[in-house]
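Coordinate inspection notes
So the chains spell out like this:
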Amino acid sequence: MSLVVDSVAKCFERFPALNGVSLTVPQGAFLALVGPSGSGKTTLLRILGGLEFPDSGSVHFADLNWLEVPARQRRAGFVFQQYALFKHMTVEKNIAFGLTVRPRHERPARKEIVRRVEELLTLVQLEGLGKRYPNQLSGGQRQRVALARALAIEPRMLLLDEPFGALDAKVRKELRVWLRALHEKMGITTVFVTHDQDEAFALADLVAIMNAGRIEQYGTPADVRRSPKTPFVAEFLETGPQQNATVQPRALNGHS
């Protein structure tokens, strides 16, 4: 049931966005892809979600050849930096959207959709706000709505692309703690893209530091901080914020 990415390559015209990326993520682990702009983080995320296709290489997940599964059938939940909420829809309708647009034979009954939305509002700590519209919420609340919408489809994989990038530092730190606790509760394999190493190291079970379409180092936050393997990683760690310089080892949902 692990996520296995093997020798994935992708070029846009003549630009090599990914150059032979390989990694294995245990089922239920939280992986952070971190690195400078243009390092390939988002391209890899989009391939996992079915929004891009590699030129070569393979991806397997949940005992499936993941690249052969149509994007709609992958049940990958996306959360983006800019929320991508529908302004004309209430919070409830935004959360339910992924369920209501399913083909009729796959769509849950109306009562089940209402039940699931209420359950998710409680899960993301937005009880009583279902009738509001996105412009009536704070940035942190809108990001929670976006996450609830991604969870509504009961995803097999959760894909987060700079989800806190539009928020101020205080709200970002609060949501980091909340998201990590939510991940512990849900146990969904999660891939999180960020350029902020503190964010990556605070949240993740595993960190992949990317540069120029390659993975420079892959391991636990503690191991990466303790033993940089390449000059790029050493410089990246030295030049980034050091607010979380002391990293405690974390169990991988049963995988030590």
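The sections below set out a description of the structure shown in this document. Remember, predicted model here, so these are calculated numbers, not experimental data.

**Side note on the sheet that holds strand 6 (residues 76-80)**
- What the six strands build is an open sheet, ordered 6-7-8-3-9-10; its pairing is mixed. Edge positions in the sheet fall to strand 6 and strand 10 (214-219), since each has one partner strand and no second. Averaged over all pairs of adjacent strands, the angle between strand axes in this sheet comes to 15°, irrespective of strand direction.
- Two strands pair when backbone bridges link them, and strand 3 (residues 30-34) and strand 8 (residues 189-194) are joined in this way by five bridges, in the parallel orientation. Residue V34 lies in a different strand from strand 8, and its bridge partner there is T194.
- Along the sheet, helix 8 (residues 231-239) contacts strand 3, strand 9 (206-211) and strand 10; its crossing angle with strand 9, the most-contacted strand, is approximately 105°.

**Section: the packing of aromatic side chains**
- Enumeration over the complete set of coordinates arrives at six aromatic pairs.
- Judged by centre distance (5.1 Å) and plane angle (80°), the rings of F61 and W66 are edge-to-face. Comparing F61 with W66 shows no difference in burial state: the two are buried.
- Taking 4.7 Å as the distance between ring centres and 50° as the angle between the ring planes, the aromatic pair formed by F86 and F97 counts as tilted. With a gap of 11 residues between them, F86 in the loop between strand 6 and helix 2 (91-100) and F97 in helix 2 connect regions that are remote in the sequence.
- According to the relative accessible area criterion, F86 is partly exposed, its value standing at 27%.
- Ring pairs connect the aromatic residues F30, F164 and F192, which therefore count as one cluster.

**Remarks on the pairing of strand 3**
- Of all five residues making up strand 3, five are buried, and the element is well covered by its neighbours.
- Residue alternation in strand 3 divides its side chains into two sets, F30, A32 and V34 and L31 and L33, and both sets are buried.
- Pairing of strand 3 with strand 9 involves four bridges; the strand directions are parallel. By the bridge assignment, L33 is partnered in strand 9 with A208.

**Notes on the packing of helix 3 (residues 110-123) against helix 4 (residues 139-152)**
- Two elements in contact, helix 3 and helix 4, have axes whose closest approach is 10 Å; the angle formed by their N-to-C orientations is 135°. Regarding the angle of helix 3 to helix 4, the classification is oblique. The crossing of helix 3 and helix 4 is right-handed. Here R116, L120 and L123 of helix 3 lie close against helix 4, whose contacting residues are A148, L151 and A152.
- When the residues that make up the contact of helix 3 with helix 4 are grouped by side-chain class, the tally is five nonpolar, no polar and one charged.

**A short note on the sheet that holds strand 2 (residues 15-25)**
- Strand order across the open sheet formed by four strands is 2-1-4-5, with antiparallel pairing between neighbours. Two strands lie at the open edges of the sheet, namely strand 2 and strand 5 (64-65), each paired on one side alone.
- Running at roughly 115° to strand 1 (residues 3-12), helix 1 (residues 41-49) makes contact with strand 1, strand 2 and strand 4 (56-61) of the sheet.

Procedures and definitions
Residues numbered from 1 in each chain as written. Predicted model: local features only at pLDDT ≥ 70, side-chain atom pairs only at ≥ 80, totals over all residues. Heavy atoms only, no water. Pairing = 2+ DSSP bridges. Helix = DSSP H or I, 4+ residues; strand = E, 2+ residues; numbered from the N terminus. Axes fitted to C-alpha atoms, helices over the stretch in contact; angles between N-to-C directions. Contact = heavy atoms within 4.5 Å. Phe/Tyr/Trp six-rings, centres within 6.5 Å; stacked < 30°, edge-to-face > 60°. Buried < 20%, exposed > 50% of the residue type's maximum accessible area, 1.4 Å probe, protein only. Parallel < 35°, antiparallel > 145°, perpendicular 65-115°, else oblique. Left-handed = near helix turned anticlockwise from the far one by under 90°. Nonpolar A, V, L, I, M, F, W, Y, C, P; charged D, E, K, R; others polar.

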